[in-house]
Protein chains: 2
Amino acid sequence: MAGRPGARHAEAVLIRTATGADWPAIWPFLRAIVAAGETYTYPRDLDEATAREMWLLAPPGRTVVAVDDDGTVLGTAKMNPNHMGGASHIASASFMVDPRYGGRGVGRALGTHVLDWARAEGYRAMQFNAVVETNTGAVALWKSLGFQIMTTLPEGFRHPTEGYVGLHIMYRLL
Amino acid sequence: MAGRPGARHAEAVLIRTATGADWPAIWPFLRAIVAAGETYTYPRDLDEATAREMWLLAPPGRTVVAVDDDGTVLGTAKMNPNHMGGASHIASASFMVDPRYGGRGVGRALGTHVLDWARAEGYRAMQFNAVVETNTGAVALWKSLGFQIMTTLPEGFRHPTEGYVGLHIMYRLL
């Protein structure tokens, strides 16, 4: 579909390692997503310094950005060990897509990349600890990438408009 | 049964807040439990400084010790928020009982105390993130205290002699 007039959704999505120079592009949409309080178990008033430290990970973690052909940052993901010791073969990851660039496969591209990274790093499984059940788009995406809802913690998340909703734990072997 | 000859198991178990002065009593059995690698998702070679920092929590977390009438430390527990933001009403906790003092209700006393603490602090639920399925004593204890196995992550834990075993996520509303 490349070249079709208006085919913004067909633009390439490139994934590359994030650097500190990407932070100014990440922070506005990350802040907005966190402040909305609907999908992430972060404090809604998360300050920038804490957010930067939480999001831009050093090894063994890793943070990437999804960019388009012009280098515009469309989304970001971080990936890291989920546990230590005898469970250190389980990875985790978190994802933020700029709402202005939703619906063009950025989340899927990031998810696929993260799974490839985890396999390459020798992890045996990936676990998402806290997927809000009302975040149905994310739930459907992770299911399509092979994750299962292992359980839903009742009243696990206080949604700003829905009240207490369930919190999914999603998992897949790699 | 107090005063019965040899009735060590009938001694009182007192729970109190841990201080830095308790660490030298905690570290030997905590180290041994972690080094065994059978029940905790900590690095088996955990060094003392890291262990101390991980175990002795400042508010909003808390760490307690279980002591007998003589002040001997029998076990310890730490308790803390399990999530942030919209899931910050879920607490977690971790427990270590000195194997020399097993079978006298120390774990149960600590578990009961932790649940009371979580209720008093206003938490709505408690979640244990990683209970090794072969740790059947702990699983039975938490079930008896009202926890359910919400799911078992397949191959979630690499046991030193059993190989890959499941990792339970246990949960109860308060």
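Residues numbered from 1 in each chain as written. Chains lettered and ligands numbered in written order. Predicted model: local features only at pLDDT ≥ 70, side-chain atom pairs only at ≥ 80, totals over all residues. Heavy atoms only, no water.

Looking at an unreviewed UniProt entry, one finds chain A named N-acetyltransferase, with Streptomyces kronopolitis as its source organism.

### Let's talk about the overall build of chain A
Rule in force here: Starting at the N terminus, helices and strands are each numbered in turn, a helix being any DSSP run of H or I of at least four residues and a strand any DSSP run of E of at least two. Per-residue accessibility, obtained with a 1.4 Å probe over protein chains only, is compared with the maximum for each type, and a residue is labelled buried under 20%, exposed over 50%, and partly exposed between these values. By the convention used here, residues are in contact when the closest approach between their heavy atoms is within 4.5 Å. Computed by Shrake-Rupley with a 1.4 Å probe, the accessible areas treat only the displayed protein chains as cover when residues are assessed. Think of it this way: Lys and Arg go in the positive column, Asp and Glu in the negative one, and His and the chain ends go nowhere. Every charge is mapped to an atom, namely NZ of Lys, CZ of Arg, CG of Asp or CD of Glu.
When its secondary structure is counted, chain A shows four helices and seven strands. Reading chain A from its N terminus to its C terminus gives the helix and strand order β-α-α-β-β-β-α-β-α-β-β. Counting over 174 residues, chain A shows a buried share of 48%. A fraction of 61% describes how many contacts in chain A between residues 6 or more apart in sequence connect residues 24 or more apart. Summed over its atoms, the accessible surface of chain A is roughly 7900 Å², and 51% of this surface lies on carbon and sulfur atoms. Looking at charge distribution, chain A has the averaged site of its 16 positive side-chain charges lying 5 Å from that of its 16 negative ones.

### With respect to the side chain of A:Ser92
Residues and elements named next belong to chain A. Filter applied, for reference: Under this definition, polar contacts are N or O atom pairs within 3.5 Å; protein pairs additionally need one hydrogen-donor-capable and one acceptor-capable atom, and for neighbouring residues in sequence, both atoms have to be side-chain atoms.
For Ser92, the location among the structural elements is in strand β4 (residues 90-97). On the basis of relative accessible area, Ser92 is assigned to the buried category, the value being 7%. Of note is the side chain of Ser92, whose polar atom sits 2.8 Å from the backbone oxygen of Gln127. Filtering out sequence-adjacent residues up to four positions away, Ser92 remains in contact with Lys78, Met79, Asn80, Pro81, Asn82, Met126, Gln127, Phe128 and Asn129.

### A few points about the sheet that holds strand β6 (residues 148-159) of chain A
Residue and element names in this part refer to chain A. Selection criterion: A pair of strands is labelled paired if DSSP reports no fewer than 2 bridges between them. Fitted lines through C-alpha atoms give the axes, limited to the stretch in contact for helices. The angle between two N-to-C directions lies from 0 to 180 degrees.
Pairing within the open sheet is mixed, and its seven strands lie in the order β1-β2-β3-β4-β5-β7-β6. Every interior strand has two partners, whereas the edge strands, β1 (14-17) and β6, have only one. Within the sheet, the average angular offset between the axes of one strand and its neighbour, ignoring direction, is 25 degrees. Relative to strand β5 (residues 125-132), β4 runs parallel, the two being bridged by two bridges.

### Side note on the relation of the copies chain A and chain B
Where we set the bar: We place the copies in one frame by least squares, fitting the C-alpha atoms of every residue whose pLDDT is at least 70 in both.
With an RMSD of 0.0 Å, the fit of chain A onto chain B corresponds to turning through 180 degrees and sliding 0.0 Å along the axis. The transformation just described matches what one would write down for a two-fold rotation axis. No C-alpha of chain A approaches the rotation axis more nearly than that of A:Thr151, which lies at 2.9 Å. Here 100% of the contact residues of chain A are again contact residues in chain B; the copies associate through an equivalent surface.

### Some remarks on the UniProt feature "domain: N-acetyltransferase" (unreviewed entry) in chain A
Cut-off, in case you're wondering: UniProt positions are given in the numbering used here, feature names are shortened, and annotations may be inferred rather than shown by experiment.
Per the UniProt entry, the sites bearing "domain: N-acetyltransferase" (unreviewed entry) are residues 13-174 of chain A in this numbering. Taken end to end, residues 13-174 of chain A has its terminal C-alpha atoms 23 Å apart, with 28% of it in helix and 36% in strand.

### Looking at the side chain of B:His168
Residue and element names in this part refer to chain B. You can see His168 is positioned in strand β7 (residues 163-173). Within the structure, the side chain of His168 is placed 2.8 Å from the side chain of Thr152, a separation counted as a polar contact. The residues touching His168, leaving out its near neighbours within four places in the chain, are Phe128, Asn129, Ala130, Val131, Glu133, Val139, Ile149, Thr151 and Thr152.

### Notes on the packing of aromatic side chains
As a reminder of what qualifies: The pairing test for Phe, Tyr and Trp rings, Trp by its six-membered ring, is centres within 6.5 Å, and the orientation test on the planes gives stacked under 30 degrees, edge-to-face over 60, and tilted for anything in between. The rule for a charge over a ring is simple: NZ of Lys or CZ of Arg within 6 Å of the ring centre, and within 35 degrees of the ring normal.
Going through the model one piece at a time under the given rule, you end up with 16 aromatic pairs over all chains. A centroid spacing of 5.7 Å and a plane angle of 25 degrees characterise the contact between A:Trp23 and A:Trp27, whose relative ring orientation is stacked. With A:Trp23 and A:Trp27 both in helix α1 (residues 23-36) and four residues apart, this pair spans about one turn of that helix. Here B:Phe95 and B:Trp142 contribute two aromatic rings whose centre-to-centre distance is 4.5 Å and whose plane-to-plane angle is 40 degrees, an arrangement assigned as tilted. Remark: B:Trp142 occurs in helix α4 (residues 136-144) and B:Phe95 occurs in strand β4 (residues 90-97); sequence separation between them is 47 residues. Given the relative accessible area of 12%, B:Phe95 is considered buried. Chaining the aromatic ring pairs together yields one cluster made of A:Phe95, A:Phe128, A:Trp142 and A:Phe147. Against the face of B:Tyr164 rests A:Arg124, its NZ or CZ located 3.7 Å from the ring centre.

### With respect to the interface of chain A and chain B
Note: interface size is frequently given as the accessible area lost on complex formation between the parts. Worth spelling out the cut-off: Accessible area, probed at 1.4 Å, shrinks when two parts are joined; the buried area is that loss added up over both. Each salt bridge in this description consists of a side-chain nitrogen of Lys or Arg and a carboxyl oxygen of Asp or Glu lying within 4 Å of one another.
The interface is formed by 29 residues belonging to chain A together with 29 residues belonging to chain B. Carbon and sulfur atoms make up 65% of the surface buried where chain A meets chain B, a total of about 2400 Å² over both sides. Considering only the surface of chain A that becomes buried against chain B, A:Met84, A:Arg124 and A:Leu153 emerge as the three largest contributors, covering 20% of it. At the junction of chain A and chain B, the tally comes to two salt bridges. When the shortest N-O distance is used, the salt bridge between A:Arg124 and B:Glu155 registers 2.5 Å. Seen at the junction of chain A and chain B, the total is twelve residue pairs in polar contact (both at pLDDT 80 or more). Of all elements in the fold, only β5, β6 and β7 (163-173) of chain A reach the threshold of two or more residues within the side of chain A that touches chain B.

### Examining the environment of B:Gly122
Looking at the secondary structure, you find B:Gly122 in the loop between α3 (106-120) and β5 (125-132). With 52 residues separating them in the primary sequence, B:Gly122 and B:Leu174 have C-alpha atoms 9.2 Å apart.

### Re the packing of helix α3 (residues 106-120) of chain A against helix α4 (residues 136-144) of chain A
All names here are of chain A. For the record, the criterion: Geometric relationships in this document are graded by angle, where less than 35 degrees denotes roughly parallel, more than 145 denotes roughly antiparallel, 65 to 115 denotes roughly perpendicular, and other angles denote oblique. If you view the pair so one helix is near and one far, a crossing is left-handed when the near helix is turned anticlockwise from the far one by less than a right angle, and right-handed when it is turned clockwise. Put simply, Ala, Val, Leu, Ile, Met, Phe, Trp, Tyr, Cys and Pro go in the nonpolar bin, Asp, Glu, Lys and Arg in the charged bin, and everything else, Gly too, in the polar bin.
It is at 10 Å that the axes of α3 and α4 come closest, and there the two elements cross at 45 degrees. One finds that α3 runs oblique with respect to α4. Every pair of crossing elements has a handedness; the one defined by α3 and α4 is right-handed. In this structure, α3 contributes Gly107, Arg108 and Gly111 to the contact, and α4 contributes Leu141, Trp142 and Ser144. Across the contact of α3 with α4, the residue classes tally to two nonpolar, three polar and one charged.

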